[in-house]
Amino acid sequence: MSELPKRLERLFLKLDRAALAVEQHLSDLLFAIYGGNLADVESIIAADEEIDQREVEIERECIRLLALYQPAASDLRKICFAIKVNNDLERISDNCVSSAKMMRILIDDKISMNRFPKFRVLADSVVEAFRQTIRLISTDQEIQLAISIIKNDRSVVDKAYRDFLQSVFVEVEQFNNHVDAVYALTSIGRALERIGDLCTNIAEDTMFMLTGEIVRHSI
Amino acid sequence: METQKEILKHTGGGLTLGLPSWQQSGETAFVVKSISTVSPDLSRNKKARYSIIRSDKFSLYYGNKAAVNQVSMEIETGCVTAIIGPSGCGKSSFLRSINRMNDLIPNTRVDGSLVVDGRNIYDKRVDLVSLRRRVGMVFQRPNPFPKSVFDNIAYGPRLHGVRNRGDLNDIVETCLKRAALWDEVKETLSRSALALSGGQQQRLCIARALATQPDVLLMDEPCSALDPIATGKIEELIVALKEQYTIVIVTHNMQQAARISDRTAFFCLGELIEYDDTNKIFTSPSNPQTEAYITGRFG
């Protein structure tokens, strides 16, 4: 019996911790968005560094395992999964950072996100999707859960994103002098929608890890 | 009667990769005694892939013990088939059965059928010399004859009646080129083969196996005694040869099987557990036993 199973277990533990850190990042972002407090927003941007470090560390470990053990079958699929999910988590975090940067503009223009009830619907749907996705990484690696995340993204998150955009465009006249604010609002909406997409990617990668089938363009 | 040289001329003096097969197909295949007596089949390499080796519930017993147990599988032309499995799983026994090497071991008996190109090779009428000419074998350790490089390659053709020096020269050059050894030994063909390095000796053994124009090349862990550089050369060679020869390789090195083979068979306790495309076996095998073996959890 090689050392690989133990090291894979430790790798997944690290991945799980990284996912929890990103979840915290997302939830802090929403807190900053609703609160409209510049200090909170700046702390989101600062927190990215730690997440980047985790990403690099996990990637190094994946490369080490590939080089040292030349894994095959489920071991190989697990490491491929870890590499991809690690990257997706980092991008989710990047989307949080870019949203935080856009919040600087909104705070500057004194525009509160609370005037858009549709934003909360979008944010809630993305937070829920990400929570389910974390279950995929840590505890419940199930095909059914993965499929429900993929379907949920299309039916709930995408719709919430469109509704939010519409609500921004309805009020666009009131932002006559703030083109940058409209840009910031739509960018934040887009960033959240991207986070939903990245959750879908993780769900698809989970299906690959479990079955060996690449389902990315077929579900 | 068409001589070896004339046939080589047909194929471009041995410079083309597609040497013809010397024998006729089907029933007459193994009664051919001399490689210079039969017209070449120039269309050989254009043929669509087909199953050249078919085993049907084939078993091999050493005394009462079944080393190979009811194995049914088909091996296609034009591809490399790897056989993997833990020690004692019957993979080498099965490989050696394909050219009846196990006949040399006392108290062996076989059951079921093992067909090579339409003919059951355990049929009593099969001529063993012809069979082994068509089904060549390369062993774990390089085993050149204690003769010159030239004589090693020419040994088989001479045995099969090729006497003309010019013909032999052509054969030696062609086979050494095909085994990617020509450039390294062309100046020293008369030196002892034992003076070559291990990797060169193994390529010499492959060239020697090619000299009798086999259809099938059996390789029993051909790289296990070689360093990584020599192993790389043999692997490249195997991939280059697969269009002309059906190659069956037994290997303990699973990365090697993954790198060079198109199909992989997993044997365990004498039985064929799983046989599928190599990509499938190494990324998502269907059988849990295969999974456990290739992830190193058993075996």
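Details of the structure are given in the entry above.
Just so it is clear, the model here is predicted, and its values are computed rather than measured. (Residues numbered from 1 in each chain as written. Chains lettered and ligands numbered in written order. Predicted model: local features only at pLDDT ≥ 70, side-chain atom pairs only at ≥ 80, totals over all residues. Heavy atoms only, no water.)

Visitor: Got a minute to help me understand the interface of chain A and chain B in this structure?
Guide: Interface size is commonly expressed as the accessible surface area that is lost when the partners come together. If you look at the interface, chain A gives 13 residues, while chain B gives 10 residues. Note on chain A versus chain B: buried area summed over both sides is about 870 Å², and carbon and sulfur give 47% of it. Put simply, chain A and chain B have 1 salt bridge between them. When the shortest N-O distance is used, the salt bridge between A:Asp75 and B:Arg297 registers 2.7 Å. For the interface between chain A and chain B, the tally reads 5 residue pairs in polar contact (both at pLDDT 80 or more). Listed by contribution, the elements that provide at least two residues to the side of chain A that touches chain B are helix H1 (4-35) and helix H3 (73-108) of chain A. Ranked by residues supplied to the side of chain A that touches chain B, first place goes to H3(A) with 5 residues. Of the residues in the side of chain A that touches chain B, the class split is 6 nonpolar, 5 polar and 2 charged. (Contact = heavy atoms within 4.5 Å. Buried area = accessible area lost by both parts, 1.4 Å probe. Salt bridge = Lys/Arg side-chain N within 4 Å of Asp/Glu carboxyl O. Polar contact = N/O pair within 3.5 Å; in protein donor to acceptor, adjacent residues only side chain to side chain. Helix = DSSP H or I, 4+ residues; strand = E, 2+ residues; numbered from the N terminus. Nonpolar A, V, L, I, M, F, W, Y, C, P; charged D, E, K, R; others polar.)

Visitor: Would you take a moment to explain the sheet that holds strand S2 (residues 65-76) of chain B for this structure?
Guide: To summarise the sheet geometry, strands pair through backbone hydrogen bonds and adopt either a parallel or an antiparallel arrangement. All names here are of chain B. Strand order in this open sheet of 4 strands is S2-S1-S4-S5, and the pairing throughout is antiparallel. If you trace the sheet from one side to the other, it starts and ends with S2 and strand S5 (119-120), each paired once. The pairing of strand S1 (residues 51-62) with S2 spans 8 bridges and is antiparallel. Looking across to S2, one finds that Ser 51 is bridged to Glu 76. (Pairing = 2+ DSSP bridges.)

Visitor: How should I be thinking about the side chain of B:Asn152 in this particular structure?
Guide: Residue and element names in this part refer to chain B. Note on placement: Asn 152 falls in helix H4 (residues 149-159). Given a relative accessible area of 0%, Asn 152 falls into the buried group. Within the structure, Asn 152 has its side chain in polar contact with the backbone nitrogen of Phe 145 (distance 2.7 Å). In contact with Asn 152, other than residues within four places in its own chain, are Pro 144, Phe 145, Lys 147, Ala 193, Leu 204 and Arg 208. (Buried < 20%, exposed > 50% of the residue type's maximum accessible area, 1.4 Å probe, protein only.)

Visitor: Before we go on, may I ask you to explain the nonpolar core in this structure?
Guide: A general trend in soluble globular proteins is that nonpolar side chains are found buried together. Within the largest apolar cluster, 71 residues are counted, with the highest numbers of intra-cluster contacts made by A:Leu26, A:Leu89, A:Leu106, A:Met113 and A:Phe119. The residues touching A:Met113, leaving out its near neighbours within four places in the chain, are A:Ile33, A:Leu106, A:Phe119, A:Phe164, A:Leu185 and A:Ile188. Formed by 50 residues, the second largest nonpolar core is a distinct cluster that contains B:Ala207, B:Tyr245, B:Cys268 and B:Phe282. (Core = buried A, V, L, I, M, F, W, Y, C linked by side-chain atoms within 4.5 Å.)

Visitor: What am I meant to see in the sheet that holds strand S8 (residues 246-250) of chain B here?
Guide: Residues and elements named next belong to chain B. Taken in spatial order, the 6 strands line up as S6-S7-S8-S3-S9-S10 in an open sheet, and their pairing is mixed. Strand pairing shows two members of the sheet lacking a second neighbour, strand S6 (135-138) and strand S10 (271-277), which therefore form its edges. Across the sheet, the mean angle from the axis of one strand to that of its neighbour is 20°, orientation sign disregarded. Contacts from helix H7 (residues 198-210) reach S6 and strand S7 (216-220), with the element oriented near 170° to S6. Across the sheet, helix H8 (residues 228-241) is in contact with strand S3 (80-84), S7 and S8; its angle to S8 comes to roughly 145°. (Axes fitted to C-alpha atoms, helices over the stretch in contact; angles between N-to-C directions.)

Everything listed here is a matter of coordinates, which is why it stays silent on function.
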